[in-house]
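Listed below, chain by chain, are the residues.
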Amino acid sequence: MCLGIPGRIVAIADEDAMLAVVDVSGVRRTVDVVCVAQEGEPLDALIGVWVLVHVGFAMSRIDEEEAAATLKVLAEIGEMEGELDAMRTGSVAPLAPAN
């Protein structure tokens, strides 16, 4: 699995748990957006934002041009299908609150 695959946030799944739905080339997955949410900004402001997704987390915001270039490279080196399969079959569990 690569460091991150670009996806676009298309919906908020659970605001309290900081979970959003990300679309990666037609595959939709629920991911944790705590790393990309900005304090004081409503979570639904993330809808439409491109992010790098890794193991169930949106790790950073990226622009659409960077997302397209990264997706193209992944396809060219033969990694795209593996990444999409991992997204289709993987499971994402929100982190338990710290005690």
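Check the entry above for the structure.
Residues numbered from 1 in each chain as written. Predicted model: local features only at pLDDT ≥ 70, side-chain atom pairs only at ≥ 80, totals over all residues. Heavy atoms only, no water.

K.L.:
Can you lay out the pairing of strand 3 (residues 27-32) for me, pointing to particular residues and giving the numbers?
P.N.:
With six bridges connecting them, strand 2 (residues 19-24) and strand 3 associate as antiparallel partners. For Asp23, the partnering residue across the bridge sits in strand 3 and is Arg28. Remark: two residues form the turn of the hairpin made by strand 2 and strand 3, two consecutive strands paired antiparallel; Ser25 in that turn has positive phi of roughly 50 degrees. (Pairing = 2+ DSSP bridges. Helix = DSSP H or I, 4+ residues; strand = E, 2+ residues; numbered from the N terminus.)

K.L.:
Lay out the pattern of salt bridges with the relevant residues and their values.
P.N.:
Scanning all chains against the criterion turns up three salt bridges. Two residues, Arg28 and Asp23, come together in a salt bridge whose shortest N-O distance is 3.2 Å. Given the relative accessible area of 54%, Arg28 is considered exposed. A salt bridge links Glu76 to Lys72; the nearest nitrogen and oxygen atoms lie 3.9 Å apart. Separated by four residues within a single helix, Glu76 and Lys72 lie in helix 1 (residues 64-76), roughly one turn from each other. Assessed through its relative accessible area of 57%, Glu76 is described here as exposed. For Lys72, a relative accessible area of 52% corresponds to the exposed category. (Salt bridge = Lys/Arg side-chain N within 4 Å of Asp/Glu carboxyl O. Buried < 20%, exposed > 50% of the residue type's maximum accessible area, 1.4 Å probe, protein only.)

K.L.:
Please set out the pairing of strand 4 (residues 50-54) residue by residue, giving values where relevant.
P.N.:
Relative to strand 4, strand 1 (residues 5-14) is paired through four bridges, and the arrangement is antiparallel. Bridged to Gly7 within strand 4 is Val51. Looking at chain direction, strand 4 and strand 5 (residues 57-62) are connected through five bridges and run antiparallel. Across the sheet, Val51 pairs through a bridge with Arg61, a residue of strand 5. The antiparallel pairing of strand 4 with strand 5 creates a hairpin that spans two residues between the two strands, and Val55 there sits at a positive phi of about 40 degrees.

K.L.:
Describe helix 1, and please don't skip the residues or the numbers.
P.N.:
Given a rise of 1.5 Å per residue, 13 residues ought to cover 18 Å, and the 18 Å separating the end C-alpha atoms of helix 1 matches this to within 8%. Within helix 1 the residues assigned to the buried category are Ala67, Leu71 and Leu74. Projected onto a plane normal to the axis of helix 1, the buried residues spread over an arc of 60 degrees and lie on a single side. Pointing more than 90 degrees away from the buried face of helix 1 are the exposed residues Glu65, Lys72 and Glu76. Its side-chain oxygen placed 3.2 Å from the backbone nitrogen of Glu65, Asp63 serves as the N-cap of helix 1. Where helix 1 ends, the next residue or the one after it, Gly78, has phi of about 80 degrees, a positive value. (Expected span 1.5 Å × (residues − 1). Arc of directions from axis to C-beta. Polar contact = N/O pair within 3.5 Å; in protein donor to acceptor, adjacent residues only side chain to side chain.)

Purely spatial values, then, with no claim about function.
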